[in-house]
Amino acid sequence: MADPPGCCSACATCLLCPYSCRWITAKKEKRKGLRTTKCDCSWFLFLFCVFLFTLVWLYFSIIILNDLHNFNEFIFKQRKLWLDWSQVLLIATAVLISYSSALLVLALFLQLCGQPLKLHWVHKILLILTALVVAAAFTGLGIKWAEEWKSAWISLQATGPFLHIGIVGGMTLLAWPLASFIYRTRSTGLRVFLLLVYCAAMIALYLAPLAITSPCLMEEHQLPPKPALIGHRGAPMLAPENTLMSLHKAVACEVQVFETDVMVSADGVPFLMHDEELTRTTNVQDVFPNETSLNSTAFSWTQLQQLDAGSWFLKRKPFPTVQSLSAEDRNETAEQRIPSLGQALEAVKQSNISIMFDLRPENHSDYQSFVNVTLAVILQSGIPLQQVLWLPDGFRELVKQQAPGIQQVYGRKRLKNEKEPLLHVNLPYQDMSSEEIRQYRQDNISVNLYVVNQPWLFSVLWCSGVSSVTTNACQVLKEMEHPIWLLPSSTYLMIWVVVDCVSFLIILWAFFLLK
């Protein structure tokens, strides 16, 4: 089998060695009479499938970065070990996709150079391991983090038009090695089968935009207003969560609402804290080593004031943004203490923003007294009640009676037979479709979705018409002036037609040229 023009023996040898692990020249390989067998073709097909598998996992890895901080917190709660798993995820995924893509590129060039595809047994084992690792990752995702499948579906609404263009381009480039293989193989049945499969795939891709829908396929004048930003525990990428510093950083990010979590101390003082234990966000293990595992509500306010609520932020670096903190911010971080609800209300009132909070833990035996104490602090603070957004479902009717001016926010969708209309809902972003968001907007129901950190997700929800989003990354979303996926329908139609026509011409050229 002669080498095609332009494929020198030295180049073929350089491609052959890393793929087959046979450190001999391509000419010697040919003199042995080695050819690509059906088994070799099967391994090439397996290589191609593993590449696609890892490519899909790479896409999922990018999508789940939006929610990975929740995973970090979950692991810390279970193992008391803090690690930024996003770095582990990205490094491992990069290694897998680089390995499979490098092998695939070598195989395609070897095919174009007329060399046998003799994959070495070491590569075969590594490919099987790669497939097993990715399969295990998908299985774990489906069992422990099933809501991420909804996140992937939401992402496809945004990236669908652009992924379509990329897939058409990749399949078009595949025409060269495919045509080379078809013209060299002696099996007529295999030729026909490959041609039929390839043609069917390309026709499906050419027609795919008929089924692609995206909320961001619209004219710019149809774009809804930019969603308001709600600071999730303040600005936790810029300051320790649930501290006054975090609140002030959120105000600087132009958030309209400070979202937090409230607990009540053993002596009846409401304070800001998310976790039921103090180990993640304070130095309780140093100050009270024998009481580390106690619930946050078991500590008195005097004890809580002895704790450092900021140094952990510099030590554990929960977000990469910690690295860029100024010396002044680092000093302020180290001085942070657990704030009381009264202190937070005063800061909110002075900043002229609203506050939204959960009251934890909901299953506590003294929960009603927690509600009463919290309401008393709110009423005594002098803050306008319309600036307070109440999330807890427990004793909601009591809250309505004692403080009717407080805005009630519900963590559920509206019911068919609702006694009184819902004005505000607060839900995970996976729980509402674009159609539901539009319908709620038409019915003047304010929809807040959480937790939205990545610009791609914020763009999809912006195009859908959501009222506000709760975010850890207020400093990033504040700078966005337009959704990154916004594309007029007429422009996408033109791109679709042009890409399909160019792809078809390139495929014809590849087959006629190699013939």
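Within each chain, residue numbers correspond to sequence positions counted from 1 in written order. Two thresholds apply to this predicted model, a pLDDT of at least 70 for residue-level local features and 80 or more for giving and counting side-chain atom pairs, whereas whole-chain, interface and lining totals are computed over all residues. Side-chain metrics rest on all non-hydrogen atoms present in the structure, leaving aside hydrogens and water.

Visitor: Any chance you could explain the pairing of strand 7 (residues 424–428) here in plain terms?
Guide: With respect to burial, strand 7 is a largely interior element, four of its five residues being buried. We call two strands paired when DSSP finds no fewer than two bridges between them. Only DSSP runs of H or I reaching four residues or more are called helices, and only runs of E reaching two or more are called strands; each is numbered from the N terminus. As paired strands, strand 7 and strand 8 (residues 446–450) are joined by five bridges and run parallel to one another. Looking at strand 8, one finds that Pro428 is bridged to Tyr450. Each parallel crossover has a hand, and for strand 7 linked through helix 18 (residues 434–442) to strand 8 it is right-handed. Partly exposed residues are those whose accessible area sits between 20% and 50% of the maximum for their type, while under 20% is buried and over 50% is exposed, using a 1.4 Å probe and protein chains only. By convention, orient the strands away from the viewer: a clockwise path from the first strand over the helix to the second makes the crossover right-handed.

Visitor: Whenever I open this one, the UniProt feature "transmembrane region" (unreviewed entry) in the chain confuses me. Can you help?
Guide: The sites that UniProt annotates as "transmembrane region" (unreviewed entry) are residues 41–65, 85–113, 125–143, 163–183, 190–212 and 493–514. Spanning residues 41–65, this segment combines 96% helix with 0% strand, and its end C-alpha atoms are found 36 Å apart. Here residues 163–183 runs as 95% helix and 0% strand, with 30 Å between its end C-alpha atoms. UniProt positions are given in the numbering used here, feature names are shortened, and annotations may be inferred rather than shown by experiment.

Visitor: Help me understand the domain arrangement of the chain in this model?
Guide: How big an interface is tends to be expressed through the accessible area that disappears when the partners come together. Where each domain begins and ends follows an automated or database-derived domain assignment. Domain assignment breaks the chain into domain 1 (8–145), domain 2 (149–214 + 487–514) and domain 3 (230–274 + 309–478). Each of domain 1 and domain 3 has a C-alpha centre, and these two points are 43 Å apart. Between domain 1 and domain 3, the residue contacts involve 10 residues of the former and 16 residues of the latter. Summing both partners gives a buried area of about 1000 Å² for domain 1 against domain 3, and 47% of it is carried by carbon and sulfur. For domain 1, the biggest contributors to the area lost against domain 3 are Asn66, His69 and Trp82; these three give 51% of the whole. The rule for a salt bridge is simple: a side-chain nitrogen of Lys or Arg has to be within 4 Å of a carboxyl oxygen of Asp or Glu. In this assembly, domain 1 and domain 3 are joined by one salt bridge. For Glu73, the salt bridge identified is with Arg233, shortest N-O distance 2.9 Å. Whenever two N or O atoms come within 3.5 Å, that pair is a polar contact, provided that in protein one can donate a hydrogen and the other can accept it, and provided that, for residues adjacent in sequence, both atoms are side-chain atoms. Put simply, domain 1 and domain 3 have six residue pairs in polar contact (both at pLDDT 80 or more) between them. Of all elements in the fold, only helix 3 (38–64) and helix 4 (68–79) reach the threshold of two or more residues within the side of domain 1 that touches domain 3. Residue contacts follow a heavy-atom distance rule, with two residues in contact if any of their heavy atoms lie within 4.5 Å. For any pair of parts, buried area is found by adding up, for both, the accessible area (1.4 Å probe) each one loses once the two are put together.

Visitor: What exactly am I supposed to notice about the state of the cysteines here?
Guide: Disulfides are covalent bonds that link the sulfur atoms of two cysteine residues. Disulfides are defined as cysteine sulfur pairs within 2.5 Å. For the coordinates displayed, the defined rule picks out one disulfide. Note that Cys216 is cross-linked by a disulfide to Cys463, the S-S spacing being 2.1 Å. Disulfide Cys216-Cys463: the torsion about the S-S bond is 100°, which places it as right-handed. In this pair, Cys216 sits in the loop between helix 9 (188–207) and strand 1 (228–232) while Cys463 sits in helix 19 (residues 455–464), placing the two residues 247 residues apart along the sequence. Here Cys49 stays unpaired: no disulfide links it, and the sulfur of Cys41, its closest cysteine neighbor, is 13 Å away. You can call Cys49 partly exposed: its relative accessible area is 42%.

Visitor: Just to check I follow, could you spell out the pairing of strand 8 for this structure?
Guide: For a regular strand, the rule is simple: side chains alternate between the two faces of the sheet. Sheet analysis places strand 8 next to strand 9 (residues 468–471), joined by two bridges and oriented parallel. Bridge pairing in strand 9 places Asn448 opposite Ser468.

Visitor: Looking at this model, I keep getting lost on the UniProt feature "domain: GP-PDE" (unreviewed entry) in the chain. Mind explaining?
Guide: UniProt feature "domain: GP-PDE" (unreviewed entry): in the numbering of this structure it lies at residues 227–481. In residues 227–481, the share of helix is 34% and the share of strand is 16%. The end C-alpha atoms are 11 Å apart.

Visitor: In this structure, what is going on with a nonpolar patch on the surface? I would like to understand it.
Guide: Among the surface-exposed residues, Trp121, Val122, Ile125, Leu126, Ile128, Leu129 and Leu132 lie close enough to one another that they form a single nonpolar patch of about 640 Å² accessible area. Position of Ile128 relative to the elements: it lies in helix 6 (residues 121–144). Distance thresholds for patches are 9 Å for like charges and 5 Å for nonpolar side chains (Val, Leu, Ile, Met, Phe, Trp, Tyr), applied to residues having over 30% relative accessible area and no salt bridge. Here the Shrake-Rupley method, with its probe set to 1.4 Å, supplies the accessible areas, and only the displayed protein chains count as covering residues.

Visitor: Explain the packing of helix 3 against helix 6 to me, please; I cannot follow it from the model alone.
Guide: Each pair of packed helices can be summarised by the angle the axes make with each other and by the distance between the axes. The convention used is that axes are lines fitted to C-alpha atoms, helices contributing only their stretch in contact, and that angles between N-to-C directions extend from 0 to 180 degrees. The interhelical angle for the contact between helix 3 and helix 6, taken along N-to-C directions, is 35°, at an axis separation of 10 Å. Every pair of crossing elements has a handedness; the one defined by helix 3 and helix 6 is left-handed. Two secondary-structure elements touch here, helix 3 through Trp43, Phe46, Leu47, Val50, Phe53, Thr54, Val56, Trp57, Phe60 and Ile64 and helix 6 through Lys124, Leu127, Ile128, Thr130, Ala131, Val134, Ala135, Ala137, Phe138 and Leu141. Residues are grouped as follows: Ala, Val, Leu, Ile, Met, Phe, Trp, Tyr, Cys and Pro are nonpolar; Asp, Glu, Lys and Arg are charged; all remaining types, including Gly, are polar. Partitioned by chemical class, the residues of the contact of helix 3 with helix 6 number 17 nonpolar, two polar and one charged. Put simply, a crossing is left-handed when the front helix is turned counterclockwise from the back one by less than a right angle, and right-handed when it is turned clockwise.

Visitor: What exactly am I supposed to notice about the nonpolar core here?
Guide: One broad trend across soluble globular proteins is that nonpolar side chains are buried collectively. Only buried Ala, Val, Leu, Ile, Met, Phe, Trp, Tyr and Cys residues count toward a nonpolar core, and they belong to the same one when joined by side-chain atoms within 4.5 Å. Core analysis: the biggest nonpolar cluster contains 38 residues, and Leu449, Phe458, Leu461 and Val469 have the highest contact counts within it. Those elements giving two or more residues to this core turn out to be helix 3, helix 7 (147–173), strand 7, helix 18, strand 8, helix 19 and helix 20 (474–477). Element by element, the count of residues in this core is highest for helix 19, at seven residues. Core analysis: the second largest hydrophobic core is formed by 27 residues, Val262, Leu272, Ile353 and Ile406 among them.

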